[in-house]
Amino acid sequence: MATVDFRVGARAHITVDSEVCRSCTTSACVTACPANLFAPTSDGGILFNYEECFECGTCYMVCNSEGAITWTYPDGGQGVVFHHG
Ligand code: SF4
Ligand code: SF4
C-alpha cells in the first residue's frame, strides 16, 4: 500500500456539494472560514480548497443548507458523516 499518497486523506476530509451551494442565500462559509477556503464561482457555486483546511469546524457550524458540507474520517475505516439534526 502506498500510504504516503494518503497523508492528506488520513485527516478529516471535507467535501462541499456545489449543487447545494448554488441555492444557498447566505454563503456564510465564505466569510466564516478563517483560512478563506471557500470561493464563490461566477455560476453561483462554491469552489472549496480542502488542502489548507485545519478542521476548525466553523464552516460546518455556519452552513445552513443540509447536505452541503460533509465530514468524513477516512482513517476511521467506514468514515463518519455528520448531518444537521
Ligand atoms: S457550504 Fe453551506 S454556507 Fe457555504 S455556500 Fe454552500 S450551502 Fe452556503
Ligand atoms: S473546517 Fe475551518 S478551515 Fe476548514 S474549511 Fe471549514 S472553516 Fe475553513
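Keep in mind that what you see is a predicted model, and the values were worked out from it rather than measured.

Criteria and cut-off values
Residues numbered from 1 in each chain as written. Chains lettered and ligands numbered in written order. Predicted model: local features only at pLDDT ≥ 70, side-chain atom pairs only at ≥ 80, totals over all residues. Heavy atoms only, no water. Phe/Tyr/Trp six-rings, centres within 6.5 Å; stacked < 30°, edge-to-face > 60°. Helix = DSSP H or I, 4+ residues; strand = E, 2+ residues; numbered from the N terminus. Buried < 20%, exposed > 50% of the residue type's maximum accessible area, 1.4 Å probe, protein only. Near = heavy atom within 4 Å. Nonpolar A, V, L, I, M, F, W, Y, C, P; charged D, E, K, R; others polar. Salt bridge = Lys/Arg side-chain N within 4 Å of Asp/Glu carboxyl O.

Novice: Explain the packing of aromatic side chains to me, using residue names and the numbers behind them.
Specialist: According to the stated counting rule, one finds one aromatic pair in the structure shown. For the ring pair F38 and F48, a centre distance of 4.8 Å and an interplane angle of 35° mean the geometry is tilted. Of this pair, F38 sits in strand β2 (residues 38–40) while F48 sits in strand β3 (residues 46–48), placing them 10 residues apart in sequence. Using a relative accessible area of 4% as the deciding quantity, one classes F38 as buried.

Novice: Pulling in residues and values, what's your account of the site of ligand 1?
Specialist: In the region of ligand 1, the neighbouring residues are C21, C24, S27, A28, C29, I46, C63, S65, A68 and I69. Among the residues making up the shell around ligand 1, the classes are represented as eight nonpolar, two polar and no charged.

Novice: Describe the pattern of salt bridges, naming the residues involved and giving the relevant values.
Specialist: The final tally for this structure, using the stated rule, is two salt bridges. Between E19 and R22 there is a salt bridge, with its nearest N and O atoms 3.1 Å apart. Of the charged contacts in the structure, one is a salt bridge between D43 and R22, with a shortest N-O distance of 2.9 Å. In this pair, D43 is assigned in the loop between β2 and β3 and R22 in the loop between α1 (18–21) and α2 (28–32), connecting sequence segments 21 residues apart. Counted as one network, the salt bridges with shared partners bring together E19, R22 and D43.

Structural measurements only, silent on function.
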